[in-house]
Amino acid sequence: MILTKAQYEEIAQCLVSVPPTRQSLRKLKQRFPSQSQATLLSIFSQEYQKHIKRTHGKHHTSEAIESYYQRYLNGVVKNGAAPVLLDLANEVDYAPSLMARLILERFLQEHEETAPSKSVINSMLRDPSQIPDGVLANQVYQCIVNDCCYGPLVDCIKHAIGHEHEVLLRDLLLEKNLSFLDEDQLRAKGYDKTPDFILQVPVDLGQA
């Protein structure tokens, strides 16, 4: 089904007031039942990432981070099992996984002798059980699994889809008996940029 510009803009406009969660995607599907889940997720991701890029700076000021951290601490004192961090992210209109990263970094700065490295942070986000605080680990986990646009879970899904498409493309090239070089071969030849495949002889795929 071909998506018109007017349809795209109608969906994009609908996204202005919803948080980047799977629950929002379900509501979007109910609102636009004729559109596929993949189409809606793609539009959802594109529009939300544009928004995050525009507003990223205001969430990373020292004042904002301290405010978020104190609100997180106050929230978990009242009810550590409630989705405090996820609700905070949705309230201030910031991606849950990115909010989880901010709070985790702030927590580690307070409790560790040295500033946490990026690799340590990434490892804890991929596996929250490594976080040395059970309440925060659960809060981070809730943010990760409820974020449709950012975070390690989304990265894994994107990687899996990319690999699947790469396999399908390789099969198509082999089926058409087309000569090509793959990423490993290009890297071995010293190429700086390595697309999935490069045809050794240009062809018109429409006639191949």
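Residues numbered from 1 in each chain as written. Predicted model: local features only at pLDDT ≥ 70, side-chain atom pairs only at ≥ 80, totals over all residues. Heavy atoms only, no water.

The protein carries the name CDAN1-interacting nuclease 1 in an unreviewed UniProt entry, which gives Piliocolobus tephrosceles as its organism.

Enquirer: Teacher, can you tell me more about the overall build of the protein here?
Expert: Secondary structure assignment for the protein yields 10 helices and 2 strands. Along the longest, intermediate and shortest principal axes, the C-alpha atoms of the protein span 65 × 45 × 25 Å. Considering the protein as a whole, with its 208 residues, one finds that 36% of them fall into the buried category. Accessible surface, the protein: about 12,700 Å² in total, of which carbon and sulfur atoms supply 54%. The average position of the 22 basic charges and that of the 26 acidic charges among the side chains of the protein differ by 5 Å. (Helix = DSSP H or I, 4+ residues; strand = E, 2+ residues; numbered from the N terminus. Buried < 20%, exposed > 50% of the residue type's maximum accessible area, 1.4 Å probe, protein only. Areas by Shrake-Rupley, 256 points an atom, 1.4 Å probe, with all protein chains shown as cover. Lys, Arg positive; Asp, Glu negative; His and termini not counted. Charge placed at Lys NZ, Arg CZ, Asp CG, Glu CD.)

Enquirer: When you look at the pattern of salt bridges in this model, what are you seeing that I'm missing?
Expert: Once their charged atoms are close, side chains differing in charge can pair, the charge on each being opposite to the other. Within this structure, the stated rule accounts for 7 salt bridges. The salt bridge partner of Glu-66 is Arg-106, with a shortest N-O separation of 2.9 Å. Residue Glu-66 is located in helix H4 (residues 62-78), and its partner Arg-106 is located in helix H6 (residues 96-111); the two are separated by 40 residues in the primary sequence. Residue class for Glu-66 comes out partly exposed when judged on its relative accessible area of 31%. (Salt bridge = Lys/Arg side-chain N within 4 Å of Asp/Glu carboxyl O.)

Enquirer: I tried to follow the packing of H4 against H6 on my own but got confused; where do I start?
Expert: For any two helices packed against each other, the geometry is given by the interaxial angle and the distance between the axes. Viewed as axis vectors pointing N to C, H4 and H6 meet at an angle of 85 degrees, and their least axial separation amounts to 10 Å. On the basis of their axis angle, the class for H4 and H6 is roughly perpendicular. Where H4 approaches H6, its residues Ile-65, Glu-66, Tyr-68, Tyr-69 and Tyr-72 are matched on the opposing element by Met-99, Leu-102, Ile-103, Arg-106, Phe-107, Glu-110 and His-111. Split by residue class, the contact of H4 with H6 holds 8 nonpolar, 1 polar and 3 charged. (Axes fitted to C-alpha atoms, helices over the stretch in contact; angles between N-to-C directions. Parallel < 35°, antiparallel > 145°, perpendicular 65-115°, else oblique. Contact = heavy atoms within 4.5 Å. Nonpolar A, V, L, I, M, F, W, Y, C, P; charged D, E, K, R; others polar.)

Enquirer: Help me out: how do you make sense of unusual backbone geometry in this one?
Expert: For Asp-93, which is not a glycine, the phi torsion comes out positive at approximately 60 degrees. Within the element layout of this structure, Asp-93 appears in the loop between helix H5 (84-91) and H6.

Enquirer: Where do I start with the side chain of Asp-182 in this structure?
Expert: Inspection of the secondary structure puts Asp-182 in strand E1 (residues 180-182). Reaching out from Asp-182, the side chain makes a polar contact with the side chain of Arg-170 at a distance of 3.1 Å. Setting aside chain neighbours within four positions, we find Asp-182 in contact with Arg-170, Asp-196 and Phe-197. (Polar contact = N/O pair within 3.5 Å; in protein donor to acceptor, adjacent residues only side chain to side chain.)

Enquirer: Would you take a moment to explain the packing of H5 against H6 for this structure?
Expert: Put simply, H5 and H6 touch, their axes get as near as 9 Å, and they point 115 degrees apart. Our pair here, H5 against H6, has a crossing hand that is right-handed. Contact residues: Leu-85, Leu-86, Leu-88, Ala-89 and Asn-90 in H5; Pro-96, Met-99, Ala-100 and Ile-103 in H6. The residue inventory of the contact of H5 with H6, partitioned by class, reads 8 nonpolar, 1 polar and no charged. (Left-handed = near helix turned anticlockwise from the far one by under 90°.)

Enquirer: Would you take a moment to explain helix H7 (residues 118-126) for this structure?
Expert: Spacing of three or four residues puts side chains on the same side of an α-helix, whose turn is 3.6 residues. Listing the buried residues of H7 in full gives Ile-121, Asn-122, Met-124 and Leu-125. Viewed end-on, H7 has its buried residues packed into an arc of 165 degrees, placing them on one side of the element. Residues of H7 that are exposed and point over 90 degrees away from its buried face: Ser-119 and Arg-126. (Arc of directions from axis to C-beta.)

Enquirer: It is not clear to me how the state of the cysteines should be interpreted in this structure. Could you clarify?
Expert: One pass over the structure, following the stated rule, counts 0 disulfides. Not engaged in a disulfide, the cysteine Cys-14 finds its nearest cysteine sulfur in Cys-149; these two sulfurs lie 14 Å apart. (Disulfide = S-S within 2.5 Å.)

Enquirer: Explain the confidence of the model for the protein to me, please; I cannot follow it from the model alone.
Expert: Close inspection of predicted coordinates is inappropriate for parts of the model with low pLDDT. Summary statistics for the protein give a mean pLDDT of 85 and a share of 93% for residues scoring 70 or more. Of all helices and strands in the protein, the one with the weakest mean pLDDT is helix H9 (residues 152-175) (76), whereas H4 scores best (97). (pLDDT = per-residue confidence, 0-100.)

Enquirer: It is not clear to me how the environment of Asn-146 should be interpreted in this structure. Could you clarify?
Expert: Inspection of the secondary structure puts Asn-146 in the loop between helix H8 (134-145) and H9. You can call Asn-146 buried: its relative accessible area is 16%. Residues Asn-146 and Ser-97, 49 residues apart in the sequence, show an inter-C-alpha distance of 8.4 Å.

Enquirer: It is not clear to me how the nonpolar core should be interpreted in this structure. Could you clarify?
Expert: Nonpolar side chains tend to gather and get buried jointly when the protein is soluble and globular. The biggest cluster of nonpolar side chains holds 45 residues, and the ones touching the most others in it are Leu-28, Leu-85, Met-99 and Leu-136. Ranked by the residues each element gives to this core, the list is headed by H6, at 8 residues. In this structure Leu-85 touches Tyr-72, Met-99, Ala-100, Ile-103, Leu-136, Gln-139, Val-140 and Cys-143, once residues within four positions along its chain are discounted. (Core = buried A, V, L, I, M, F, W, Y, C linked by side-chain atoms within 4.5 Å.)

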